[in-house]
Every structure is written in structure tokens, then in C-alpha cells.
Amino acid sequence: DNLPVCSLDINQLHPQLILRFMHKRDCEERGLFALARGEDAYTMPDYPGLPRAIHKKLVNTLFNAKTEDAAARSLMNTYYQYDEDGELQIKSYKGKAKRVGGKVFDGNKPKQQAHDYIESYRQHHPQLKDAICSDFGTRLQSIDGRMMLAVIELFNHMELPVIPVHDELIVPRTKPTMFAAELALKDVFNSCLGEAGSFGSIFAKWSFGNDNEEKKIEIK
């Protein structure tokens, strides 16, 4: 209806799900490295020179890998470059595919560097360490897919438009549709996660287009 749109993005959905299922928590504990880590499951204090987007790619690889060796091989074959628009492009390669860009781990011993990265993540994020290199990511992808399907069903029932993009919801920028999106997330956390979605808060943010305006929210 010619309305501008906005998007509601769940912050760090997979880490949030891991903490809920494994530890019955909605955020990481405040520990020794909390000041450096903040509230970000993708922060790696030992690697301050790498952009967060690269850490997010690498850490999600750890959640999806079946073994530590498989994770290390993927990390060793992860490359990055900036495109013509200045956007960071990151890709993990397999087999003999032509590599483009620079290697994340480009030292003399990339395999050791990859294993060191994995160990660093365990040290800095102890409550998430049991989920890495265990194929837990397959379960997480199944869960977030069911959650988005449930959101679509709710919006269809309310006769409101929504476009899901992974764990992000794009809706018209109106108070009713924005309220409906927050309400839908709260509902699907309860219906799809059971006990793991029945406590604490959902951390998310609203984005409003080209003005780069963002608004962090906490849905209790």
C-alpha cells in the first residue's frame, strides 16, 4: 500500500537459542572477559583486528561443524574481500574451487591458527562451547525455520503483510504492524521452543531503511 517498511531482526538468534536450551538463560553470564565481550556472542577479544562480520561467519561455522577438524578446515578456507560498493564479502570454500580474496588465517600454520581460534572461543564464551563442533547448528536451523513459518501463519491470520528473511521480519512501518511483529516473536518463542522460550527476554532491533536509524528493543 505504498508504505515504507522496517525490519525486526533478532539479535544473535542461534546463540540465544543455545543459551536457552543448554543453560536456561537468555544471555551469557558476566564473567572474566565480560567487559571486553559485552553482550555479543560474536566478540573475540583475542582477534581485535578482524571485523565482527568475519567473526560471525567463523563462529556460525563452529556451530554448524560436526567435528573440530571439520571446523578447522572450513576456517582455513575462509576468504574475504570488499566489493565495488565497499561491502565485505566472506566465503568458505570447498574442494578445488577457485579462491577469491584474502585468507582470514594467512600465517605459516593456518591449521594451528584455526584450532587456536576455536580454543579462544571456548575460553571467552564458556556457556556456548558445548554447542560448537557438535552439529548443533542443524537443530538450530530447523528451529528458526519453524519459528518463521509460525510468524507467517500469525500474520496471515491477522491479514497483515510480512516478509521473513532468515530471522528477520520486514513489515510496513506502522504502529499496528510493528506491534504485531513483536507480539508474534513473543508468541512463537513460547509455541516453538516450549520451556526454553518461556522465560527472560528476546533481544532484537528495529531498522528503518536508508537513514541507518536503529532501535534496540527487549521483549520480555
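Residues numbered from 1 in each chain as written. Predicted model: local features only at pLDDT ≥ 70, side-chain atom pairs only at ≥ 80, totals over all residues. Heavy atoms only, no water.

J.: Mind laying out unusual backbone geometry, listing which residues take part and the relevant values?
T.: Peptide bonds are trans in most cases, and residues, glycine excluded, mostly fall at negative phi. Residue Glu-159 is not a glycine yet carries a positive backbone phi of 60 degrees. With respect to the helices and strands, the residue Glu-159 is situated in the loop between helix H6 (136-158) and strand S5 (163-165). (Helix = DSSP H or I, 4+ residues; strand = E, 2+ residues; numbered from the N terminus.)

J.: Can you lay out the side chain of Thr-78 for me, pointing to particular residues and giving the numbers?
T.: You can see Thr-78 is positioned in strand S2 (residues 78-82). Those residues within four positions of Thr-78 in sequence are excluded, and the remaining contacts are Lys-57, Leu-58, Ile-90, Lys-91, Ser-92, Gly-102, Lys-103 and Val-104. (Contact = heavy atoms within 4.5 Å.)

J.: Provide a residue-level description of the packing of aromatic side chains, including the pertinent values.
T.: Enumeration according to the criterion identifies five aromatic pairs in this entry. A ring pair is formed by Tyr-47 and Tyr-117, whose centres lie 5.0 Å apart and whose planes are at 55 degrees; its orientation type is tilted. In this pair, Tyr-47 sits in the loop between helix H2 (34-37) and helix H3 (52-64) while Tyr-117 sits in helix H5 (residues 110-124), placing the two residues 70 residues apart along the sequence. Under the relative-accessibility criterion, Tyr-117 is labelled buried at 0%. Geometrically, the ring pair formed by Tyr-79 and Tyr-93 is edge-to-face, given 5.5 Å between the ring centres and 85 degrees between the ring planes. Within this pair, whereas Tyr-79 is found in strand S2, its partner Tyr-93 is found in the loop between strand S3 (88-92) and strand S4 (102-103), the two being separated by 14 residues in sequence. The residue whose ring lies beneath Arg-20 is Phe-199, and the NZ or CZ to ring-centre distance is 4.9 Å. (Phe/Tyr/Trp six-rings, centres within 6.5 Å; stacked < 30°, edge-to-face > 60°. Buried < 20%, exposed > 50% of the residue type's maximum accessible area, 1.4 Å probe, protein only. Lys NZ or Arg CZ within 6 Å of the ring centre and 35° of its normal.)

J.: Account for the packing of H6 against helix H7 (residues 175-193), with residues named and values stated.
T.: Across the interface, H6 lies against H7 with an axial gap of 9 Å and an inter-helix angle of 130 degrees. Between H6 and H7, the angle falls in the class oblique. Remark: the crossing between H6 and H7 carries right-handed chirality. Here H6 contributes Ile-143, Arg-146, Met-147, Ala-150, Val-151, Leu-154, Phe-155 and Met-158 to the contact with H7, which in turn contributes Thr-177, Ala-180, Ala-181, Ala-184, Asp-187, Val-188, Phe-189, Cys-192 and Leu-193. For the contact of H6 with H7, the class distribution of residues is 14 nonpolar, one polar and two charged. (Axes fitted to C-alpha atoms, helices over the stretch in contact; angles between N-to-C directions. Parallel < 35°, antiparallel > 145°, perpendicular 65-115°, else oblique. Left-handed = near helix turned anticlockwise from the far one by under 90°. Nonpolar A, V, L, I, M, F, W, Y, C, P; charged D, E, K, R; others polar.)

J.: Pulling in residues and values, what's your account of the pattern of salt bridges?
T.: One side chain can pair with another of opposite charge once the charged atoms of both are near each other. Taken as a whole and judged by the stated rule, the model has six salt bridges. Linking Glu-68 and Arg-122 is a salt bridge whose minimum nitrogen-to-oxygen distance equals 2.9 Å. Separated by 54 residues along the polypeptide, Glu-68 in helix H4 (residues 68-76) and Arg-122 in helix H5 bring together distant segments of the chain. Overall, the relative accessible area of 25% leaves Glu-68 in the partly exposed class. Put simply, Lys-205 and Glu-214 hold a salt bridge, and the shortest N to O gap is 3.4 Å. Among the residues examined, Glu-214 registers a relative accessible area of 48% and is labelled partly exposed. Bridged by salt links that share partners, the residues Glu-68, Glu-119 and Arg-122 form one connected network. (Salt bridge = Lys/Arg side-chain N within 4 Å of Asp/Glu carboxyl O.)

J.: Which residues make up the nonpolar core, and what values do they have?
T.: In terms of nonpolar packing, the biggest core is built from 56 residues, with Tyr-121, Met-147 and Trp-206 touching the most fellow members. Sequence-distant contacts of Trp-206, that is, excluding residues within four places in its chain, are made with Cys-6, Ser-7, Leu-8, Val-171, Met-178, Ala-181, Glu-182, Glu-213, Glu-214, Lys-215 and Ile-217. (Core = buried A, V, L, I, M, F, W, Y, C linked by side-chain atoms within 4.5 Å.)

J.: I'd like a description of the environment of His-124, backed by residues and values.
T.: Summarising the element assignment, His-124 is placed in helix H5. Note on His-124: relative accessible area 4%, which makes it buried. Along the backbone, His-124 and Ala-41 are 83 residues apart, and their C-alpha atoms lie at a distance of 9.2 Å.

J.: Describe the pairing of S2, naming the residues involved and giving the relevant values.
T.: In this sheet, S3 lies alongside S2 in antiparallel orientation, the contact comprising five bridges. Bridging from a neighbouring strand, Gln-81 pairs with Gln-89 of S3. Adjacent in sequence and paired antiparallel, S2 and S3 are bridged by five residues, among which Gly-86 carries a positive phi angle near 80 degrees. Alignment of S2 against S4, held across two bridges, turns out to be antiparallel. Paired with Tyr-79 across the two strands is Lys-103, which belongs to S4. (Pairing = 2+ DSSP bridges.)

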